[in-house]
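Reading the structure
Listed below, chain by chain, are the residues.
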Amino acid sequence: MPGYFSTLNTALKSLQVQKKSLDVTGHNIANANTEGYSRQRAVHTAADPYTVVGMGMPTGAGQVGTGVKLEEISRVRDQFIDAQINGEKQSLGYWDKRYQGLHRIELIFNEPSDSSLGESMNQFWGSLQDLSNDPEDPAVRETVKQRALTLSDTFHSLDNQLTSYKNSLNDDVSTMVNEVNSYATRIADLNKQIVRVQGAGKKPNDLMDKRDLLFEEMNKLVNVQGRVDQRGSLNISISGINMVSHSDTHLLNIERGPEGSYEDTVVFSRTGTEAIIEAGELAGVLNIRDEEIPHYKDQLDTIASELIENFNQVHRAGYDFNGEAGQDFFVGDDAFSIGVATEISNDVNKIAAGSLLDELGVIRINNFEMDSEEDFSYEIEVIENVMENEENTFTYTIREYGADGEESEVYTNTITYSQVNDENFFISLPEEFNSTMEFKIEGAGELSITSTRAAGDGDNAFRLADVINGRKLMNDGKATLLDYYKSTISVVGVDGQRANQMVDNQNVLVDQLNNHRISVSGVSLDEEMANMIQYQQAYTAATRVITTIDQMLDSLMGIIR
């Protein structure tokens, strides 16, 4: 009798194992579309056979086994692929955020468009060109002022948008730190559960899947390293500093930067040590916030400050519509503070479009007014006299030319160096000139002026236009302001394209690794259906064994009866 019951016990074990295996198959099918789920496998092994003679041991030749047992329910997972995916996701997160940031900066500059800084500079430059051709036209002067105001507003707008974007990224840093802390806390909780289950001799496959999924998402955010210890805990660190150790967490915190800087620092909450963020989305955001935006703001400030300094310098060397020396055209010293001087905004006649000098540095005319209604022109010749043992002098000669070009008057006088070194001085011309001249001699040479063009000949407006697109003021005298701005925009575009290319490459790489992982860990419905039939047939066969033993026992009992 013991032999029959031993066979019944073997068949019973088979029923239990096949039933449990069918449960595993059903669990796999149910989670075929669950994100992060790894297919599970029921591992069957032969039950331990009888090793010594005893009650119930089958007799005869050979060692008859005792059936089957379920060794474990294992999780099909390739740790090497997981490590590759986690590393590539850190790069993907970094380049994705970097591309988004550079694309946003491109949108802020909005080149080319009618509202861009490049277009504003071109329009201002064009208005100055028009002014050089027609310096006395009030409409042209008003256009110059309006273009200058538009240019200043464009600088302000770009500066404000970049600052606002930096502020929003600073908020994003706080949000991401909270996400990282959330992942760390949830992983620590899962560590505690997993260790407890493993201590009971079970395999917490589903819990480990959840933990791996959280860790993978964490990798996309920040450069974390993970290691599973002997107890089954996933310990996580950032740049060598532990963040998760079993169920204990050392979370990140935000240390506020100076007011208005929008540069909060990521630190560890317990020690205050700055976290070294080198990869992941958080690193991409920090890169745009701390490097790219300040870089392009500096570029804008450089363009604005060079424009203000050089434009004002040329403007001060010219003369306005009233014949007065030019003042500063722009105020401020960077993109945030640039503006058109109040005097210019209130009176466009203050725009110093004219230059009475053909040769700057020879003689500077501060005021020259003629009462004559005739179309005279004048020429001033200045000669430096170097006389031995006498005080050096300048001799200036004024010649008047009529409309027919004939020289009609000549006036000559001599002044000494002491007069030259003085501030501007006045000379009362002879009665026939009916005028007063205020001037300052700065060297020897010749100067031609025309009394009928009191506002100047527009040369200074041409020089003002040259400040924007003519003079090589940038890159050690290799680029104009407009060229420098265009090169800045080109760099944004090239960097954005490179970042986009890197995102595409990383997406392809991560997709390939994911497909590889799915081929290993994913649930194949075809395979699960085959397993289901296999377990069903084994279960049916086991029941047949029990039925057969029952018939044998019934036959045996019939003999006794």
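In what follows, the structure referred to is the one given above.
Calculation criteria
- Residues numbered from 1 in each chain as written.
- Predicted model: local features only at pLDDT ≥ 70, side-chain atom pairs only at ≥ 80, totals over all residues.
- Heavy atoms only, no water.
- Helix = DSSP H or I, 4+ residues; strand = E, 2+ residues; numbered from the N terminus.
- Expected span 1.5 Å × (residues − 1).
- Polar contact = N/O pair within 3.5 Å; in protein donor to acceptor, adjacent residues only side chain to side chain.
- Salt bridge = Lys/Arg side-chain N within 4 Å of Asp/Glu carboxyl O.
- Buried < 20%, exposed > 50% of the residue type's maximum accessible area, 1.4 Å probe, protein only.
- Contact = heavy atoms within 4.5 Å.
- Pairing = 2+ DSSP bridges.
- Phe/Tyr/Trp six-rings, centres within 6.5 Å; stacked < 30°, edge-to-face > 60°.
- Patch = residues over 30% accessible without salt bridge, like charges linked within 9 Å, V, L, I, M, F, W, Y side chains within 5 Å.
- Areas by Shrake-Rupley, 256 points an atom, 1.4 Å probe, with all protein chains shown as cover.

1. As for helix 2 (residues 79-109)
Its 31 residues place the ends of helix 2 45 Å apart at the C-alpha level, agreeing with the 45 Å of an ideal helix rising 1.5 Å per residue. At the N-terminal end of helix 2, a side-chain oxygen is found 2.9 Å from the backbone nitrogen of Phe-80, two or three residues along, and the residue is Asp-78. A positive phi of about 55° marks Asn-110, the residue just after helix 2.

2. Points about the pattern of salt bridges
Evaluation of the coordinates by the stated rule reveals 18 salt bridges. Residues Asp-23 and Lys-19 are paired through a salt bridge, measuring 3.2 Å at the closest nitrogen-oxygen approach. With Asp-23 and Lys-19 both in helix 1 (residues 2-30), this residue pair falls four residues apart, about one helical turn. The exposure class assigned to Asp-23 is partly exposed, which follows from its relative accessible area of 39%. Residue class for Lys-19 comes out partly exposed when judged on its relative accessible area of 43%. Here Arg-517 ties to Asp-82 by a salt bridge, and the two come within 3.1 Å at their closest N and O atoms. Highlighted residues: Arg-517 in helix 10 (residues 481-521) and Asp-82 in helix 2, separated in sequence by 435 residues.

3. Some words on the environment of Asn-191
Along the chain, the position of Asn-191 falls in helix 4 (residues 138-199). When the C-alpha positions of Asn-191 and Arg-211 are compared, they lie 8.0 Å apart, and in sequence the two are 20 residues distant. Contact partners of Asn-191, with chain neighbours within four places excluded, come to Arg-211, Gly-232, Ser-233, Leu-234, Val-244 and His-246. In this structure the side chain of Asn-191 is engaged in a polar contact, spanning 3.0 Å, whose partner is the backbone oxygen of His-246.

4. What about helix 11 (residues 525-560)?
Between its first and last C-alpha atoms helix 11 spans 53 Å; for 36 residues at 1.5 Å apiece the expected length is 52 Å, and the two agree. Within helix 11 the residues assigned to the buried category are Glu-528, Asn-531, Tyr-535, Ala-542, Ile-549 and Leu-553.

5. Notes on the environment of Ser-269
By the element assignment, Ser-269 lies in the loop between strand 8 (265-268) and helix 6 (280-317). With 17 residues separating them along the chain, Ser-269 and Leu-252 place their C-alpha atoms 5.3 Å apart. Setting aside chain neighbours within four positions, we find Ser-269 in contact with His-250, Leu-251, Leu-252 and Asn-253.

6. Brief notes about the pairing of strand 3 (residues 225-228)
Here strand 3 runs beside strand 4 (residues 234-238); their pairing, made up of four bridges, is antiparallel. Paired with Val-228 across the bridge in strand 4 is Leu-234.

7. Points about the packing of aromatic side chains
Scanning all chains against the criterion turns up nine aromatic pairs. Ring geometry for Phe-124 versus Phe-330: centroids 6.0 Å apart, planes at 70°, classification edge-to-face. Taken as a pair, Phe-124 in helix 3 (residues 117-133) and Phe-330 in strand 9 (residues 330-331) lie far apart in primary sequence, 206 residues in all. Residue Phe-124 is classed as buried on the basis of its relative accessible area of 0%. Judged by its relative accessible area of 1%, Phe-330 falls in the buried class. Among the aromatic residues, those joined into a ring-pair cluster are Phe-124, Phe-311, Phe-329 and Phe-330.

8. Examining a nonpolar patch on the surface
There is a patch of nonpolar side chains on the surface, built from Ile-29, Leu-525 and Met-529 and spanning about 250 Å² of accessible area. The residue Met-529 is located in helix 11 in this model. When its relative accessible area of 42% is taken as the criterion, Met-529 is described as partly exposed.

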